[in-house]
Amino acid sequence: MKVTESSSLYDNLEHMSIEDLLQNINREDHKVPEAVKLVIPEITDLIEKLVPRMKEGGRLFYIGAGTSGRLGILDASECPPTYGVPDDWVIGLIAGGDSAIRKAVENAEDDSNQAWKDIQEYGFNELDTVIGIAASGTTPYVIGGVKAAREKGLLTACITCNPNSPLSKEVAHPIEVVVGPEFVTGSTRMKAGTAQKLVLNMISTTTMIKLGRVKGNKMVDMQLSNAKLVERGTRMIMEATGLDFQTANELLLKEGSVRKATQAFYQGKK
């Protein structure tokens, strides 16, 4: 039996008090970061291959179904506002298309040919990377997608929570985060989903830092899409230049980003 399908360590959940349920869920959640820690070498190997490819114009595709697909889309969709990168640098694809983000699409994940078709909608080149996300490691949509990508010469990886899964066998860089049985048997939106989110955070954040989208520890290329972010950017400029709030704010709005505003300030000082 797959680890993700093995029986919960807890029984008679419906008879537990609310506090006991919460304490036990939290107890299980504590196991996830330790499981992720064990696969940092594998994540490192992947990013060392990924970054040079993206510097040369390659893109990063996440493919998944259900929770896994939604987590990939979440990570991909947050890269442009956080790091100011184009929408097509990191692309999240889900079995069943965008409608499956909110509502399950029956049988979509069982089509082993569809993921590659979805990738081709964006065009592909040999510098692209495809990461398949599937807690079970058995999802046909994901397996078919990474298999086709690898045959075309793309860099491939996966994030799964079962060891030695069919998915892992089809990629160059398998990342297997084995978190053990779920609190509710088979509910992989819980620990498995948390593990996948942590690994995705690590991949995208580290990649963006190495692509030069962070300066010091600041998101200097973030999109100024609301008042909170404009204020955050203004304070970044104040810290970097010593300007007062009003002057820093005017400079930010004129230049359009923290990076450009800071550069403009120091160029004007020369």
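Our subject is the structure listed above.
Only a predicted model underlies this, so the values are computations on that prediction, with no experimental measurement involved.

(A) Quick look at the side chain of Asn 249. Position of Asn 249 relative to the elements: it lies in helix H9 (residues 245-255). If we ignore the near neighbours within four places in the chain, the residues touching Asn 249 are Val 230 and Thr 234.

(B) The arrangement of the sheet that holds strand S1 (residues 60-64) in detail. Strand order in the open sheet formed by 5 strands is S2-S1-S3-S4-S5, with parallel pairing between adjacent strands. Since the sheet does not close on itself, it has two edges, and those belong to strand S2 (90-94) and strand S5 (173-176), each with one partner. Neighbouring strand axes in the sheet, compared pairwise and without regard to direction, differ in orientation by 15° on average. Contacts between helix H4 (residues 66-83) and the sheet are confined to S1, S2 and strand S3 (129-133), with S2 contributing the most and set at about 155° to the helix.

(C) Summary view of the packing of helix H3 (residues 40-55) against helix H7 (residues 191-210). Their axes nearest at 10 Å, the elements H3 and H7 cross at an angle of 40°. Taken together, the axes of H3 and H7 are oblique relative to one another. As for how H3 packs across H7, the hand of that crossing is right-handed. Mapping the contact onto sequence places Ile 40, Ile 43, Leu 46, Ile 47, Leu 50, Val 51, Met 54 and Lys 55 in H3 and Val 199, Met 202, Ile 203, Thr 206, Thr 207 and Lys 210 in H7.

(D) The arrangement of the side chain of Ser 6 in detail. Within the secondary structure, Ser 6 is located in the segment before helix H1 (18-29). Of the polar contacts made by the side chain of Ser 6, one reaches the backbone oxygen of Val 3; its length is 2.6 Å.

(E) Looking closely at the packing of aromatic side chains. Counted under the stated rule, the structure contains 4 aromatic pairs. The interplanar angle of 70° and the centroid separation of 6.0 Å between the aromatic rings of Phe 61 and Tyr 122 together place this pair among those described as edge-to-face. With Phe 61 in strand S1 and Tyr 122 in the loop between helix H5 (114-120) and S3, the pair connects residues that are 61 residues apart, well separated along the chain. Take Phe 61: its relative accessible area is 0%, and that puts it in the buried class. Between Phe 265 and Tyr 266 the ring centres are 4.9 Å apart and the planes differ by 85°, which places this aromatic pair in the edge-to-face class. We classify Phe 265 as buried; its relative accessible area is 15%.

(F) Fine view of helix H8 (residues 227-241). Here H8 contains 15 residues, and its C-alpha end-to-end distance of 21 Å stays within 8% of the 21 Å for a straight helix at 1.5 Å per residue. Among the residues of H8, Leu 229, Val 230, Gly 233, Thr 234, Met 236, Ile 237 and Thr 241 are the ones counted as buried. Along the axis of H8, the buried positions cluster into a sector of 160°, meaning they face one direction only. Turned more than 90 degrees off the buried face of H8, the exposed positions are Ala 227, Lys 228 and Glu 239. For H8, the side-chain oxygen to backbone nitrogen distance between the N-cap and Lys 228 is 3.1 Å, and the N-cap itself is Asn 226. Following H8 by one or two positions, Gly 242 has its phi on the positive side, about 85°.

(G) Structural context of the nonpolar core. Ranked by size, the top nonpolar core spans 35 residues in total, and within it Leu 60, Tyr 62, Ile 131, Ile 175, Val 177, Val 199 and Ile 203 carry the most contacts. Counting residues per element, the ones that place at least two in this core are helix H2 (31-38), H3, S1, H4, S3, strand S4 (155-160) and H7. Among all residues touching Leu 60, those that are not within four sequence positions of it are Leu 50, Met 54, Trp 89, Val 90, Ile 91, Thr 129, Ile 131 and Ile 203. Among the nonpolar cores identified, the runner-up in size contains 22 residues, and Ala 115, Val 146, Ala 148 and Cys 158 belong to it.

Cut-off values and rules
- Residues numbered from 1 in each chain as written.
- Predicted model: local features only at pLDDT ≥ 70, side-chain atom pairs only at ≥ 80, totals over all residues.
- Heavy atoms only, no water.
- Helix = DSSP H or I, 4+ residues; strand = E, 2+ residues; numbered from the N terminus.
- Contact = heavy atoms within 4.5 Å.
- Pairing = 2+ DSSP bridges.
- Axes fitted to C-alpha atoms, helices over the stretch in contact; angles between N-to-C directions.
- Parallel < 35°, antiparallel > 145°, perpendicular 65-115°, else oblique.
- Left-handed = near helix turned anticlockwise from the far one by under 90°.
- Polar contact = N/O pair within 3.5 Å; in protein donor to acceptor, adjacent residues only side chain to side chain.
- Phe/Tyr/Trp six-rings, centres within 6.5 Å; stacked < 30°, edge-to-face > 60°.
- Buried < 20%, exposed > 50% of the residue type's maximum accessible area, 1.4 Å probe, protein only.
- Expected span 1.5 Å × (residues − 1).
- Arc of directions from axis to C-beta.
- Core = buried A, V, L, I, M, F, W, Y, C linked by side-chain atoms within 4.5 Å.

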